[in-house]
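Listed below are the residues making up each chain.
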Amino acid sequence: MNILMMIPGFRSGKLWKKIIAIVYYAITIISLFSLGFGIFLILFSLPFLIFYTIDLIGKIIPAKKALPVVLAGIILMVIGFNMQSRINNSKSDNKTAVSTQEENTKTEGIKNESNETKLTTSDLKLLKGSYKNFEEEQRTQFAEIEEKYDKLSENDKNKIKDDFDRLSKERDKQVAEWQQEEKKRTVKGTATNLGAGTFTAGKDVQTGTYDVTATSGSGNFIIHSDDGTSIINEVLGSPGVNKVRVVLPDSARIQISGINKVHFTPVTSDYVTDKQQVILYSRYWLVGQDIAPGRYKACNNKSSSSNLIVYDSSGMSKTNEIISNSSDIGVKEVTFDLENDDLITIGGSNGITFMPQ
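Residues numbered from 1 in each chain as written. Predicted model: local features only at pLDDT ≥ 70, side-chain atom pairs only at ≥ 80, totals over all residues. Heavy atoms only, no water.

A look at the sheet that holds strand β12 (residues 333–338)
Under the convention used in this document: Pairing between strands requires that DSSP locate at least two bridges from one strand to the other. Working definition: helices are DSSP H or I runs of at least four residues, strands are E runs of at least two. Numbering for both runs from the N terminus. Lines are fitted to the C-alpha atoms to define the axes, a helix being fitted only along its stretch in contact, and any angle between axes, read from their N-to-C directions, falls within 0 to 180 degrees.
Overall, antiparallel pairing links the four strands, which are arranged β7-β14-β9-β12 in an open sheet. Looking along the sheet, the strands with just one partner apiece sit at the ends: β7 (278–280) and β12. With strand direction ignored, the average angle separating the axes of adjacent strands in the sheet is 30°.

Below you can see the structure in the form of structure tokens.
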């Protein structure tokens with residue numbers, strides 16, 4: 001109770017003063033959590049300093065009681081102001097640091113942007129070269145120069161315009177040549193004639209991709225792999241199919257009967273990489289080489305009926321139809337999607353037309 005009687009607002013015992021004191025000290029306690037310990041000390045010491053100084057000057061209470069409280073109030077007030085000053089200085093320093101960092105970031109961004117739009121000595125030297133002789137790193141550098149070019153001033157553009165335009169044309173020409181080169185098929189095999197009999201791929205005829213035709217007679221043309229798996233079984237010649245596309249693996253066994261002469265012609269045509277109408281005949285065709293990927297409608301216009309099977313890259317059958325010009329058997333047309341590395345097998349056909357959809 002003696003301590004309570006020393007707290008300003010409670011010393012007189014008057015109710016209205018107690019209420020004001022309770023509200024004030026509650027605000028002071030809240031300030032401890034919201035404004036910090038420095039503000040708390042200032043607010044807490046303020047009533048003690050004010051009222052006990054008044055008591056000391058007016059000699060309302062003895063000096064030996066008032067003076068220690070006044071000194072304690074001054075000390076707490078100084079500590080509070082000192083703490084708050086440090087907090088304010090810290091905040092100011094942080095704002096300054098953030099402002100400096102933002103300014104540095106902006107400056108660095110301006111420098112980077114300037115570097116991105118400025119041609120280096122290496123760039124200028126590259127522009128004098130020939131695109132055909134560029135390595136991959138130099139082609140990448142020229143692509144970066146193209147991005148810089150649009151951001152250059154008109155004066156800087158004019159200085160390099162002739163070399164830039166020349167290299168751009170050389171680049172377009174080189175890319176077109178590379179694309180054409182990708183379409184070229186690597187020719188495997190040698191033109192060979194075989195008569196009736198049994199032969200071995202790699203010995204009697206080189207391995208490779210061939211179009212096989214009967215130049216004299218008509219009969220059975222059969223090929224088995226070295227493990228006995230049937231690869232081709234067609235009647236070649238007239239009657240029969242006029243031509244067979246075959247890929248001869250090493251050690252495959254070739255059986256020809258009833259035909260005087262069979263001619264093996266190595267396939268030299270470029271890969272078909274653009275979607276277009278093509279005619280495929282017996283026997284094997286690979287999507288991405290012999291026909292471009294896409295959606296097609298297939299119809300039979302070269303034979304009375306043909307077997308068409310499409311396998312995906314895992315070997316699963318996607319399409320399996322008999323395509324016929326007759327209404328008595330099979331279907332007249334079939335629509336399906338082809339993807340890279342799908343395998344198309346056609347049996348008994350002189351031509352199925354694949355029309356892009």
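Picking up after the structure, the text goes on.
Points about the nonpolar core
Selection rule: For our purposes a nonpolar core is just a set of buried Ala, Val, Leu, Ile, Met, Phe, Trp, Tyr and Cys residues, chained together by side-chain atoms within 4.5 Å. With a 1.4 Å probe rolled over the protein chains alone, any residue whose accessible area is under 20% of its type maximum counts as buried; one over 50% counts as exposed, and the rest are partly exposed. Only heavy atoms enter the contact rule, under which two residues are in contact if any of them lie within 4.5 Å.
Core analysis: the biggest nonpolar cluster contains 21 residues, and Phe221, Ile223, Leu248, Ile254 and Phe264 have the highest contact counts within it. Elements represented by at least two residues in this core include exactly β3 (208–224), β4 (230–236), β5 (243–248) and β6 (253–266). Broken down by element, this core gets its largest block of residues, five residues, from β6. Discounting residues that sit within four places of it in the chain, Ile254 has contacts with Gly197, Thr198, Phe199, Val205, Phe221, Ile222, Ile223, Leu248 and Phe264. Counting residues in hydrophobic clusters, the runner-up holds 20 residues, among them Val272, Tyr281, Tyr296 and Ala298.

So, helix α1 (residues 15–34)
What counts, and what does not: For a helix, the expected span equals 1.5 Å multiplied by the number of residues minus one. An arc is given here, and it is the one of the directions from the helix axis to the C-beta atoms.
The terminal C-alpha atoms of α1 lie 29 Å apart, and with 20 residues this matches the ideal 28 Å at 1.5 Å per residue to within 8%. When we look at burial in α1, the residues that qualify are Ala21, Tyr25, Thr28 and Ser31. The arc enclosing the buried residues of α1, seen along the axis, measures out at 105°, which places them on a common side. Every exposed residue of α1 that faces more than 90 degrees away from the buried side is listed here: Leu15, Trp16, Ile30, Phe33 and Ser34. Residues of α1 that are buried in the fold lie against α2 (37–58). Gly36, located one to two residues past α1, shows a positive phi value of around 110°.

The analysis is restricted to geometry; functional conclusions fall outside its scope.
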